[in-house]
Amino acid sequence: MKQKFYRLFLLYMIVEVSSAYSQTPFFKQVIVNRENLNLGFNSLSIDTNRILWLASTEGLLKYNGTDYISFALKSSGTPDEATAVFTDSKGIVWTGYNSGTIAFVTDSGLTSLVSEMKPKDKITSVFEDHNGVLWFTTGGDGVYIFQGKHLRHFGMNEGLKDDYCYTVEEDNTGRIWIGTDQGITLLIKDSASYKVAALNFNKQLPDVIIRDLTKDKNGNIWIGLQDSGVCRYIMQEKRIEMPQWSRNWKHGPVLDIYFNKNELWLGTEGSGVFYLDMTASSSLINYSGYGEFTFNDIRKVISDPEENLWMASGTGLIRSHSHWLTFMNAIGKEKINYVHTVYCSGSNDIYLTPDQGLLSFNTKGGNIRHYTITAGTSLIDIVSLYEDECGYLWVGTMGGGLFRLNTITGTVQRISNPDLNDASILSIDGSGDEVWLATFGGAFYCKIKGSCLTDKPDVEITKLDTEATLGNFYIYTVFVDSRNRVWFGTDKKGLTCYTNGKYYNYSTEQGLRSNTVYSITEDNKGAIWFSTPGEGICRFDGRTFHNYGKAEGLRELTITALKYVSFDRIVMVHKKGIDILHTSTGKIDFYGAENNLSEINPDLNSITVDQSGSVWIGTEKGIVIYNPILNINPAGPEVVLSNVTLIGSRHNQVSKHEFAYNQNSFVFDFTGIWYTDPARINYQYMLEGYNSNWISTSDKQVVFPNLPPGKYDFKVRASLSPSFTVSETTDYSFFIRKPAWKENWFITSVIVLIIIAGIIIIRNRDKRLKGIEALKKESVEYRFETLKSQVNPHFLFNSFNTLIAIIEKDKDVAIEYVEKLSDYFRNMIQHREKETIMLRDEIEMVKTYYYLQKKRFGEHLRLQINLSEKLLDSGKVPPLSLQLLIENAIKHNAVSRETPLTVEVFQASGNAITVKNNINVKLTPEISTGIGLQNIINRYKILSTEKVLISYDQDFFSITIPLI
Amino acid sequence: MKLFLVTIIACLAIIFPGSESNLFYVTTSSVKFRSEAPLEVISAESSRMQGVIDQEKRTFVFTVLNSSFQGFNNSLQRVHFNENYMESDIYPLTSFKGKIIEEVDFNVPGVYQVRAKGLLTVHGIVKERIIRAQLTTGKDGVELESNFTVSLKDHNIRVPKVVHEKIASEIKIEIKAALKKK
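Structure report, in brief. Position numbers for residues count from 1 along each chain, tracking the sequence in the order it is written. Each chain is given a letter, starting from A, and each ligand a number, starting from 1, according to the order in which they appear as written. Local features are withheld for residues below a pLDDT of 70 in this predicted model, meaning they are given only at 70 or higher, and side-chain atom pairs are given and counted only at 80 or more; totals for whole chains, interfaces and linings count all residues.

### Brief notes about the overall build of chain A
To keep things clear, this is the line we draw: Numbering of helices and strands runs from the N terminus; a helix is a DSSP stretch of H or I covering at least four residues, while a strand is a stretch of E covering at least two. With C-alpha atoms as the basis for the radius of gyration, the globule rule is written as 2.2 Å multiplied by the number of residues raised to the power 0.38. Put plainly, a residue is buried at 20 or more neighbouring C-beta atoms within 10 Å of its own, exposed at 12 or fewer, and partly exposed in between, counting only other residues' C-beta atoms, which are placed from the backbone. Residues are scored as being in contact if the C-beta atoms we place from backbone atoms lie within 7 Å.
Of regular secondary structure, chain A possesses 9 helices and 79 strands. Taken against the 2.2 N^0.38 rule, which gives 30 Å for 964 residues, the C-alpha radius of gyration of chain A at 54 Å runs more than 25% over that of a compact globule. Dimensions of chain A, computed from the C-alpha atoms along their principal axes, are close to 190 × 80 × 45 Å. Per-residue burial for chain A yields a buried fraction of 40% across its 964 residues. Across chain A, contacts joining residues at least 24 apart in sequence account for 53% of those joining residues at least 6 apart.

### A short note on unusual backbone geometry
All names here are of chain A. Phi is positive for Asp355, which is not a glycine, with a value near 25 degrees. With respect to the helices and strands, the residue Asp355 is situated in the loop between strand E37 (349-354) and strand E38 (358-362). Assessed through the 14 C-beta atoms surrounding it within 10 Å, Asp355 is described here as partly exposed. In this model, Asn500 sits at a positive phi of 50 degrees, which is unusual for a non-glycine residue.

### Points about the environment of Val640 of chain A
Topologically, Val640 of chain A is positioned in strand E65 (residues 638-646). Sequence-distant contacts of Val640 of chain A, that is, excluding residues within four places in its chain, are made with Asn49, Ile51, Phe670, Thr671, Ile673 and Thr730 of chain A.

### Focus on the sheet that holds strand E56 (residues 537-540) of chain A
Residue and element names in this part refer to chain A. Note the threshold: Strands qualify as paired when DSSP identifies two bridges or more between them. A fitted line through C-alpha atoms serves as each axis, taken over the contacting stretch for helices, and the angle formed by two N-to-C directions is quoted from 0 to 180°.
Strand order in the open sheet formed by 4 strands is E54-E55-E56-E57, and the pairing between neighbours is antiparallel. The strands lining the two open edges of the sheet, one partner per strand, are strand E54 (519-522) and strand E57 (545-548). Each strand axis lies, on average, 20 degrees off the axis of its neighbour in the sheet, ignoring direction. Sheet analysis places E54 next to strand E55 (residues 528-531), joined by 4 bridges and oriented antiparallel. What sits directly across from Glu522, in E55, is Ile528.

### A few points about the environment of Lys947 of chain A
Mapped onto the elements of the fold, Lys947 of chain A is located in the loop between helix H9 (931-943) and strand E78 (949-952). Note: C-alpha distance between Lys947 of chain A and Thr411 of chain A (536 residues apart in sequence) is 134 Å.

### Considerations on the environment of Ile815 of chain A
Its location among the elements puts Ile815 of chain A in helix H5 (residues 811-831). Between the C-alpha atom of Ile815 of chain A and that of Leu803 of chain A, which follows or precedes it by 12 residues, the distance is 9.1 Å.

### Structural notes on the packing of H5 of chain A against helix H6 (residues 839-857) of chain A
Residue and element names in this part refer to chain A. Going by this rule: Handedness of a crossing follows from how the near helix is turned relative to the far one, being left-handed for an anticlockwise turn of less than a right angle and right-handed for a clockwise one. Just so you know the grouping, Ala, Val, Leu, Ile, Met, Phe, Trp, Tyr, Cys and Pro go in nonpolar, Asp, Glu, Lys and Arg go in charged, and all remaining residues, Gly too, go in polar.
Viewed as axis vectors pointing N to C, H5 and H6 meet at an angle of 145 degrees, and their least axial separation amounts to 10 Å. Crossing hand, H5 versus H6: left-handed. On H6, the residues touching Tyr817, Lys820, Leu821, Asp823, Tyr824, Asn827 and His831 of H5 are Asp841, Met845, Thr848, Tyr849, Tyr851, Leu852 and Lys855. Here the residues of the contact of H5 with H6 are counted per class, giving 7 nonpolar, 3 polar and 4 charged.

### Quick notes on the sheet that holds strand E15 (residues 151-154) of chain A
All names here are of chain A. Ordered in space as E12-E13-E14-E15, the 4 strands form an open sheet in which the pairing is antiparallel. The sheet terminates laterally at strand E12 (123-128) and E15, the two strands that pair on one side only. Adjacent strand axes in the sheet meet at a mean angle of 20 degrees when their direction is disregarded.

### A short note on the pairing of E12 of chain A
All names here are of chain A. Buried residues dominate E12, accounting for 5 of its 6 residues. For E12 and strand E13 (residues 134-138), the ladder comprises 5 bridges, and the chain directions are antiparallel. In the sheet register, Ser125 faces E13, and the bridge partner there is Thr137. Two successive antiparallel strands, E12 and E13, enclose a turn made up of 5 residues, where Gly132 displays a positive phi of approximately 85 degrees.

### Overview of the packing of H6 of chain A against helix H8 (residues 881-892) of chain A
Residue and element names in this part refer to chain A. For the record, the criterion: When describing relative orientation, an angle under 35 degrees is termed roughly parallel and one over 145 degrees roughly antiparallel, while 65 to 115 degrees is termed roughly perpendicular and anything else oblique.
Put simply, H6 and H8 touch, their axes get as near as 9 Å, and they point 25 degrees apart. Judged on the interaxial angle alone, H8 and H6 are roughly parallel. In contact with Glu842, Met845, Val846, Tyr849 and Gln853 of H6, H8 contributes Leu882, Gln883, Ile886 and Ile890. Counted by class, the contact of H6 with H8 contains 6 nonpolar, 2 polar and 1 charged residues.

### Focus on the nonpolar core
Residue and element names in this part refer to chain A. We apply this condition: By our criterion, buried Ala, Val, Leu, Ile, Met, Phe, Trp, Tyr and Cys residues that link up through C-beta atoms within 7 Å make up a nonpolar core.
Leu54, Val85, Leu437, Ala443, Val571, Ile617 and Ile623 are the most contacted members of the largest nonpolar core, which has 216 residues in total. At 5 residues, strand E50 (residues 475-480) tops the list of elements feeding residues into this core. Those residues within four positions of Leu54 in sequence are excluded, and the remaining contacts are Val32, Phe41, Leu44, Leu61, Tyr63, Val85, Ala312 and Leu317. Formed by 27 residues, the second largest nonpolar core is a distinct cluster that contains Met845, Leu861, Ile890 and Val903.

### Quick notes on H6 of chain A
All names here are of chain A. Rules: For a helix, the expected span equals 1.5 Å multiplied by the number of residues minus one.
Taking 1.5 Å per residue, 19 residues should reach 27 Å; H6 reaches 25 Å between its end C-alpha atoms and fits that length. When H6 is considered as a whole, its buried residues turn out to be Leu839, Glu842, Ile843, Met845, Val846, Thr848, Tyr849, Tyr850, Gln853 and Lys855. Directly after H6, the chain includes Gly858, whose backbone phi takes a positive value near 65 degrees.

What follows is the structure in structure tokens.
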């Protein structure tokens, strides 16, 4: 019966003539603006901060992977379609519009270029030559050249083949190539200007409409054509060459040619994008979508520092991981699902086991071979593969035992053993003639006796009966390291090493986090790495165990399989995707849902590395190929401090570092760039001098209102792992000055000033007091003087003499005279104590005085008072001042028939009164005490700001006193 | 409408000054369009295309009145064409003006395959197009033939979902014209 059963394993092989396998990069449409899904893109550029600038149908957009900022020109009402965008060598972003407008971005926003000339048609491209000269091509208005200040036009009149231009390139000899609707125009620099150079190959061009010109690293110029694909100009041989793959081109206009290292990418109008690996003489590969997503009309292709590929399409923005992360979901039309095991053989053949099948292909191409492993009539899941030293493939199945496959003939032989015939072989490894098996029923040791170069070798099988160190049941994995030690991953007994006939067991007691081990690998330093369910991975250098978990940045703790690959990386697979640990830096990259890697559910033996270093991962959804060589520098998210805004100021303050005490409210805007998976960036910030710890945030903005004066350092860092084990930090230090009144120098100077001011005030007060004193004295003196003058004997003597004369003539007049004299003295007594009296009162007194004097001098003395009634009631004067002036006039002048004295009192300009008299020089001048006049002047100094004016000439003396 | 055509011809004269002997004018023409949708095929034709080619500058203008198309499946269709889709009262004209890329010697009889690059205005939306055409030059003048498609979406012509199956998204255009010097 048994014999018959064995014979049922009729094993055969099918060689299928199917097309070679193909790996497809993942293409994803990136939605920039959720409110406008129809946004089309004409071009894109990446700036020095790694930020993307997009020329869209709605104008210029700045995009960091998650958020966009729209830039609009202030002048235009409706958004103008941006048709070109370019970052120059100084980091300035330039954009061109459908209207012909050219603009550039500065700290304060988008500014349009103002020049004497303005392009009349849309800007089709922007280019900078090695001299820093910017070239703008237009669709119908020739080329515009910008050399720092002015735009210069270069069109058909100057020798351009056609005014419709698409592109500019500069070759290694400094010639400028311009692609037009009528072929190429070459320009050479001619002193300050440019002139058309002779060109002999335009006739050789297969098409005259030149859509793109791009220089490759050898200096040859590649020419993208409207209808004939691509050709190139070989600089050394001075001729046009058409690549084989471009002959009979049927894919429409070539809108963009882009070289990324050794890759050539072509964007076309009707057929998506084309890819060519320049190192291999392979053929052109066309990509026009991924899964349900399709695209065409690729207008611009660029790559970012993470080696992602970005494409501007008329129907949207597209991101791809290019060829460092590709997928193989089908072979021909046959879908590949549920790949349990992937294995690369010594001849670089990849074996994979999609859903109960087994197939292989060579990574260099060629046909795909299908093998069938059956146990009786039913197919079995294949879960482990191993190639022995003779090139035979050992095939471990799930519940169907162990087989050995001659991969050339396809002959399959069951390796028969009562313990193995319906066993589940989870893992196979070996070296030389020894092969080790890990099964659900314990571990086995196989020894090939005699030659292995036969379909039916003699294999001796021993079950390892080591209850204590391995357990008797589930062994998940077996791994033979570079020193020929055999490592077992067990279910409940941890990690076990078999070397020199002895078992060494390591469990949680030695520092493991889990006693179950799923997968084992070895790095180039000989350290053993292994993965666990639920406890991450662990590194064992022979002495200590170093665990990696969530804190170290792992995304998932149940790691089904791990493998050490080139560039010191450990690739780990789990159901959420792939974690990649950079063993030298400790950084962990994760690729998941954003990268088309969600719910991939890989198996235990799902990772293999081919001879070129590519990592092949079998998943539930097909094969994932990760190529570390093409992804050499995935420097984690870099954080850019995009704006430092002082609240109340519109401008970016990044260049400023010192602020006044009231410039103390800040807004920091920052952006982490990780286009590979932008939503997963974590941020932490700290304002040194204010915060003492890092603060986690998912916002890209922090506000610090009202900071006290001091020294600050704003630090922000971004990381893909929440633990920030490896992160880039950007900082901005600044200083807020203390308010002036808190500065020491200010306080000192204020004190000094107060002291000085005090001294001055005290001195002034002294002075003023002395002045008042003096004035009082003056006043007293004045009054005394007036009194003295009024009662001076001359006055009385004269008055009495006059009275005697009158009494004799007219008694009535004499009485009136005495009455006036009496009035005079009464008035004087009445008013002299006052500061000021009404002008009318003073004039009354003057009139009385004049009456008295008139009796003495008769017609020889004349007083003319010419003052308005209004003035008499509105003005005030010091008492006796006018009288004193008239008295002075009489005193100092001769009054006689020959020399009559006329005194005029009239209103001067402004609010003042002038007393004017003619000068009659006396033969014996009266001795002047000077007290009277000086006294008036002094009094006015305290009573009024106006001054007393004195003027005289040979004939007249006049004095003007202001009214108070 | 006549006034309109007169205006256009006047415009053409302004656009194309210079010696008359350089200009070829359309004498007879046929513009056909064809919409091949799963449920219905619609076609119509106009013989009233106007146009001129400047043989020296290799520039051209062609224009046709939307209301001049005839031959719909029924008269209601024609009304829909003019009122609902082309909005002929707002955008009465369809035009194409531009430049011929290839060199053509109009004095030598022969057949030339050319690309005409210019601005195609349909439904008021201007699109830059490169359209292939065949020019046959003879002693009497030039014969022009061209087949191309116009996308409804490109020209913002909205088709209600109900009639989606009846109107193709890409309309095929076939043009034949004879041009002569005046």
